[in-house]
Every structure is written in C-alpha cells, then in structure tokens.
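Descriptive analysis of the structure
Here is what each chain is made of, one letter per residue.
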Amino acid sequence: MNIVFLFSDEHTGTVMGNSGHPVVCTPHLDRLAEKCYTFDNAYCNYPICTPSRLSMLTGRYPHQIDAWDLGVIPNREHKTWGDYLTEAGYETVLCGRTHFNGTDRLQGFSHRLLDDLPRWISRNGRPPNRTADARRGSNSHVTECGPGDHEHTQYDQHVTDLAVKYLKEKAASADDKPFLLYCGYMHPHFPLIAPPEFFSLYDPNSLALPDTWNEPLESQHPIIQHHRWSWRNDIPPPEETVRCALASYYALVSCLDAQIGRILDAIDSSRLSEDTIIIYTSDHGEMAGSHGIWQKQCFYESAVKVPLMIRLPSGETDRVKQNVSLVDVLPTLLEITEVEEPSDLPGESLLKIARYQSDETTRAVFSEYHHMGMVNAGFMLKQGDYKLCHYVGSQPQLFDVKTDPLENIDLAQKPEYAVIREELENVLSGIVDPDVVDARAKANQAARR
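Note that the coordinates shown come from a computational prediction; the quantities given were computed from them, not determined experimentally.

**Quick look at helix H10 (residues 329–336)**
A large share of H10 lies buried, amounting to seven of its eight residues. Those residues of H10 that sit buried are Val-329, Leu-330, Pro-331, Thr-332, Leu-333, Leu-334 and Ile-336. Glu-338 occupies a position one or two residues after H10 and carries a positive phi of about 60 degrees.

Shown next, in the form of structure tokens:
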C-alpha cells in the first residue's frame, strides 16, 4: 500500500469548507473529505513548527525527544517514519517543507526531491530567548499582507511539480516497491502575501472578524497578556489591516487547496488510486486575530486544532469525534504497513480509533510549549470537551469547548468545576511532571546557548 502524506504549515482545523467554515473556499480538500475518515478534534502536540513536526515524525511527545523549540537539532535517538518504513521495504521520499535543523536533511528517509528554503534551516541549534523582556522585532506577521507574489507560493508550486512528476513516474513504472511520499507545503504560513487570483475570492470589507480581535489586554489571563506582548500582538492593528490580513490568510488556504488538488488529480487519474492512502494534516493552526493574537504559540483552539483526514482505497468514510493528535500518525502508518509498533509510543492508530469509536469522547490529548512568549513551561490536556491549560508558576485556564467554543469563559477558578479541574490535573500528571520538564527544557536551552 502506497502512502501520500500532505502536510501544510499553520492551517487551523476549522478553516475549510468541509469543517463548516462559511467563507473559505477549499473545493479540493472538500472533495478529499468526501472519501475520508475526517477527524473533527485533531490537535498538534506543540503549537509551533519544528517541535510539532519532530514529535509527529517520531510518534513521541516533544519533551520525550528534547524537541524544546524552533532551534532544536534532532538527536536521532528515536526512529522516525522514515526509519520504520525504510526498514519495512518502502521507498521513503521527502519533498518540500520539513523545518528540520542541522546537516541531516533526511532523518531516516531514503531521499529528498526538494529541501527546505535555506533561510528556514538552523545550523547552530540556537534556542530562543525566553526572558521576560524577549520580544519579536515587529508585528509584520499581521501587517505584511495583501495580494502579491512571494517565494512561498513559488516554492509550494515547485513542491507540487516535483511530487506530480514522481507520482506519474511511479504510475508508469513496473516496479511494485511501495512508497511513502511526504509533501511539505509552506502555505498558509505568514507572511500573508497571497496570489491575487486567490485574494480576489475574499472581500476584506465583508469578512466577519473574530469577536475578540481587539480584546483588551488587561482583561486577559496574565500568561496570554505576556504572550501577546512578546509576539507584538498587544496593540491590535487597525481594523482595515486586520481585514486585509484575514482575507490574505483565507486566500493562502485556497492557494494551498489548489496545490492539493493537483496531487489528488495525479493520483486519481492513474492506477495509484487503487492502492494509495492519502493523509492530510498541518503542524499547528493560526489564531488569525482571535483573542487579539496572530500566529500560534498558545493553547486556544485556533492555535492547536489541525485538520486531519485519511483516505483509504476501500472508500471507508466517517466523521470522528474522538480527540486525536499528531502522535497518532506514526501508529497509523505502522498499522498500514504491518510493522510492529513499539510498546512505549503514546499514540494510537487513527484507523483503530475511527473504526471502533464509541459514543464516548473521553480520550485525552496533550500539547506543550517551551518557547518565547512563555517564560515558564505551558501544557495542555484536553479530555472530552474540557481543556486544561497548565502554566508553571501561574494559575491555569479551564474551558468547556462544547458550550464555549470561542473560549471566552475561564472556568478554572469556579468552585463548581474544581472536581473536573482536579481530574484533568491528575491525567496531566500521568503524562508529565510540569516542574521537572520545565527545568529540563531550560537546562537544555541554557546549554545550547
């Protein structure tokens, strides 16, 4: 069975037509979803690029593999998808955005069709500055927006060109060796410069802005206040700029959708459709102005929730409500390829979850953060509809995302939720000791500095 893995950057799970978004145009992702297991509650394990990707590729939580921040260079102590599937007889191919650091550009895969853009590769493993005065240089992640050409768009087109060429060659070849093709895209990651033909799909003046796009800083949790200040989100841009940025983000999602459509066409127009599994997801989301935040780096739904779809040649479909996360992808690949799964992986096969799901949605998922914007570590535990955000040295947040999907009502200090809060804290402590892991992260980052 062949596997094509499509991986975007910064695509929040609700910004697609098939997830119910009223505006965003994603015809190809919608077409894919019609024949998929679609996971409506899928989460990343770290809301920033490199740690999220390394966690997914190893099937282990970031703190288990010392993936503390954007500068980390993988130590190769733990196997990746490439290692497992290469040993199982697969040709394992990388094409495009991986955000690996260091000189090992394969991380267990057999070869690459295209590497990362050079400016996205850290060679020295330098960690971020996590002091209280650390701050981004500007808010260009919002203000640099609108129609135009950008190297990310050109890069994504090149990724698709190479991937389509590879797929056509495989379809025409008599070689029956199975393959895993990983296609990594830059979009819809900022800067929010969108091709004019996609920007024109969205009228900035008619878009509904998040209710909290200009939420007063002083009304927010202290951790969120510092997060906003650190990433230059403390003063909301003018409404005109926010509207343009939002239109640009939607346009980049639509542009990504067009590239995915080309991949789907290459598969579905060939014999590969009979024996190729397609998986689509993203490394984390984008706040897009919600709670006054742009980018990610926090545990609100828009930052940690990701799209996740799996299309099987058998045509099985369902919408899955259980909580899942990106560490579940490796066990899924091991089940597909009939490779023995290590007993200590924290995830579970998404196919098992989808095929044998019960009416109860009590499965817990976990995320963490050790980067700029949080001086001390942050951890997220979502079980059922409740989400706990645990901050070392500060009060937690607690949300019921079913009754409060915009996460405007913090329940952490309400006496009637004390039992639920304690239950979630106990589950979290079974996964991680927050204080110990916080100390480990800081020691690692200090040594690397």
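**Comments concerning the environment of Asp-149**
Along the polypeptide, Asp-149 turns up in the loop between strand E6 (145–147) and helix H5 (151–172). The sequence separation of Asp-149 and Trp-68 amounts to 81 residues, and the corresponding C-alpha distance is 33 Å. Here the side chain of Asp-149 touches Gln-154 through a polar contact of 2.8 Å, side chain to side chain.

**Focus on the sheet that holds strand E17 (residues 397–400)**
Strand-to-strand pairing in sheets goes through backbone hydrogen bonds, with the strands running parallel or antiparallel. Spatially, four strands are ordered E14-E15-E16-E17 in an open sheet, and the strand pairing comes out antiparallel. Looking at strand neighbours, the two that pair on one side only are strand E14 (364–369) and E17, the edges of this open sheet. Ignoring strand direction, the axes of neighbouring strands in this sheet form an average angle of 15 degrees. In terms of strand pairing, strand E16 (residues 386–391) meets E17 through four bridges, oriented antiparallel. Residue pairing across strands places Lys-387 opposite Phe-399, the latter belonging to E17.

**Let's talk about the nonpolar core**
Core analysis: the largest hydrophobic core is formed by 64 residues, its most contacted members being Phe-5, Phe-39 and Trp-81. Counting residues per element, this core draws most heavily on H10, at five residues. Phe-39 has contacts with Leu-308, Ile-310, Val-320, Val-324, Leu-350 and Ala-354, leaving out every residue within four places of it along the chain. If you look at the next biggest cluster of nonpolar residues, it comprises 34 residues, including Leu-29, Leu-32, Leu-167 and Ile-263.

**Regarding the pattern of salt bridges**
A full pass over the atoms with the stated rule returns 33 salt bridges. A salt bridge links Glu-169 to Lys-165; the nearest nitrogen and oxygen atoms lie 2.7 Å apart. With Glu-169 and Lys-165 both in helix H5 and four residues apart, the pair spans about one turn of that helix. Across the salt bridge formed by Arg-363 and Glu-348, the nearest N and O atoms sit 3.5 Å from each other. Of this pair, Arg-363 sits in the loop between helix H11 (350–355) and E14 while Glu-348 sits in the loop between H10 and H11, and the two are 15 residues apart along the sequence. If you follow the salt bridges from partner to partner, you end up with Asp-9, Arg-53, Arg-97 and Asp-283 in one network.

**What to know about the pairing of strand E4 (residues 91–96)**
For a regular strand, the rule is simple: side chains alternate between the two faces of the sheet. Of all six residues making up E4, six are buried, and the element is well covered by its neighbours. Pairing between E4 and strand E7 (residues 179–184): six bridges, direction parallel. Bridging across to E7, Leu-94 finds its partner in Tyr-182. The pairing of E4 with strand E5 (residues 111–114) spans three bridges and is parallel.

**Quick look at helix H7 (residues 222–230)**
Considered for burial, the residues of H7 that qualify are Ile-223, Ile-224, His-227, Arg-228 and Ser-230. Take H7 and look down its axis: the buried residues cluster within an arc of 165 degrees, on one side only. On its buried side, H7 packs onto E16 and E17. Positive phi appears at Arg-232, one or two residues downstream of H7, with a value of about 60 degrees.

**Re the side chain of Ser-349**
Along the chain, the position of Ser-349 falls in the loop between H10 and H11. Owing to a relative accessible area of 2%, Ser-349 belongs among the buried residues under this scheme. At 2.3 Å, the side chain of Ser-349 and the side chain of Glu-335 are in polar contact. Here Ser-349 is in contact with Asp-328, Pro-331, Thr-332 and Glu-335, once residues within four sequence places are set aside.

**With respect to the sheet that holds E7**
If you walk across this open sheet you meet the eight strands as E5-E4-E7-E1-E9-E11-E2-E12, and the pairing is mixed. Where the open sheet ends on each side, the last strands, each with one partner, are E5 and strand E12 (318–320). Put simply, the sheet's adjacent strands are angled 15 degrees from each other on average, direction ignored. Both strand E1 (residues 2–8) and strand E9 (residues 276–282) contribute to a ladder of seven bridges, which runs parallel. Paired with Asn-2 across the strands is Thr-276, a residue of E9. Each of E1, E7 and E9 touches helix H2 (residues 49–58); the most contacted strand, E1, lies at about 165 degrees to it.

Calculation notes
- Residues numbered from 1 in each chain as written.
- Predicted model: local features only at pLDDT ≥ 70, side-chain atom pairs only at ≥ 80, totals over all residues.
- Heavy atoms only, no water.
- Buried < 20%, exposed > 50% of the residue type's maximum accessible area, 1.4 Å probe, protein only.
- Helix = DSSP H or I, 4+ residues; strand = E, 2+ residues; numbered from the N terminus.
- Polar contact = N/O pair within 3.5 Å; in protein donor to acceptor, adjacent residues only side chain to side chain.
- Pairing = 2+ DSSP bridges.
- Axes fitted to C-alpha atoms, helices over the stretch in contact; angles between N-to-C directions.
- Core = buried A, V, L, I, M, F, W, Y, C linked by side-chain atoms within 4.5 Å.
- Contact = heavy atoms within 4.5 Å.
- Salt bridge = Lys/Arg side-chain N within 4 Å of Asp/Glu carboxyl O.
- Arc of directions from axis to C-beta.

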